[in-house]
Amino acid sequence: MENKDKLGAELKKIMEEETFDMTLSQAATDNILKNKKKKLSQRMNEFLNREIEIPLAPAIIGLAALFAITVIPKNIFDLQERQIINIEGSQIIVRERYEVVKNEDKN
């Protein structure tokens with residue numbers, strides 16, 4: 001058993017001496033790193049460090065839509081009931097007054 005251990009250590013020493021000054025090409029290094037099985041933490045780091053590009057025009061339109069949805073009261077465009085009374089060529093418009101409410105139900 002000790003002979004096997006000595007043989008393994010001797011082989012390792014010889015391989016390290018012969019490959020000490022060798023370098024791999026960039027393509028080989030990239031290929032090794034690309035095909036290497038990654039741990040969960042490495043995959044999470046790659047996902048979190050990814051750069052996100054958002055086009056300016058859709059971002060502005062989306063922001064304006066979000067602003068409109070949250071700021072404009074929901075019942076501002078509701079139809080109001082009106083009565084028109086004609087008196088000798090003049091018109092009197094009577095309409096029911098609604099209160100503009102931001103986020104409450106009409107009851």
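Keep in mind that this is a model prediction, so the values were computed, not measured.

S.K.: When you look at unusual backbone geometry in this model, what are you seeing that I'm missing?
M.R.: Glycine aside, residues mostly have negative phi angles, and peptide bonds mostly take the trans form. Despite not being glycine, Glu88 shows a phi value in the positive range, around 45 degrees. Looking at the secondary structure, you find Glu88 in the loop between β1 (82-87) and β2 (90-95). According to the relative accessible area criterion, Glu88 is exposed, its value standing at 80%.

S.K.: It is not clear to me how the pairing of β2 should be interpreted in this structure. Could you clarify?
M.R.: Each regular strand carries side chains that alternate between the two faces of the sheet. A small share of β2 lies buried, amounting to 0 of its 6 residues. Two strands pair when backbone bridges link them, and β1 and β2 are joined in this way by 6 bridges, in the antiparallel orientation. In the sheet register, Gln83 faces β2, and the bridge partner there is Val94.

S.K.: Is there a simple way to explain the pairing of β1 in this structure?
M.R.: Of all the 6 residues making up β1, 0 are buried; the element is thus mostly uncovered. The turn joining β1 and β2, which pair antiparallel and follow one another in sequence, is formed by 2 residues; a positive phi near 45 degrees is taken by Glu88.

S.K.: Explanation requested: helix α4 (residues 56-71) in the structure shown.
M.R.: Residue pairs spaced three or four apart in an α-helix point in one direction, given the helix's 3.6 residues per turn. Taking 1.5 Å as the rise per residue, α4 with 16 residues should run 22 Å; its terminal C-alpha atoms sit 22 Å apart, in good agreement. For α4, the buried fraction is low: 0 of the 16 residues fall into the buried class.

S.K.: How should a nonpolar patch on the surface be read in this particular structure?
M.R.: A contiguous nonpolar patch, built from Leu40, Met44, Phe47 and Leu48 and spanning about 460 Å² of accessible area, is present on the exposed surface. In this fold, Phe47 is placed in helix α3 (residues 40-48). Phe47 gets classed as exposed once you look at its relative accessible area, which sits at 53%.

S.K.: Can you walk me through the pattern of salt bridges in this structure?
M.R.: Side-chain pairing between opposite charges can occur once the charged atoms of the two side chains come close. Under the counting rule described, the total for this entry stands at 1 salt bridge. Lys38 is paired through a salt bridge with Glu46; the nearest N and O atoms lie 2.9 Å apart. Accessibility expressed as a relative area gives 43% for Glu46, which makes it partly exposed.

Criteria and cut-off values
Residues numbered from 1 in each chain as written. Predicted model: local features only at pLDDT ≥ 70, side-chain atom pairs only at ≥ 80, totals over all residues. Heavy atoms only, no water. Helix = DSSP H or I, 4+ residues; strand = E, 2+ residues; numbered from the N terminus. Buried < 20%, exposed > 50% of the residue type's maximum accessible area, 1.4 Å probe, protein only. Pairing = 2+ DSSP bridges. Expected span 1.5 Å × (residues − 1). Patch = residues over 30% accessible without salt bridge, like charges linked within 9 Å, V, L, I, M, F, W, Y side chains within 5 Å. Areas by Shrake-Rupley, 256 points an atom, 1.4 Å probe, with all protein chains shown as cover. Salt bridge = Lys/Arg side-chain N within 4 Å of Asp/Glu carboxyl O.

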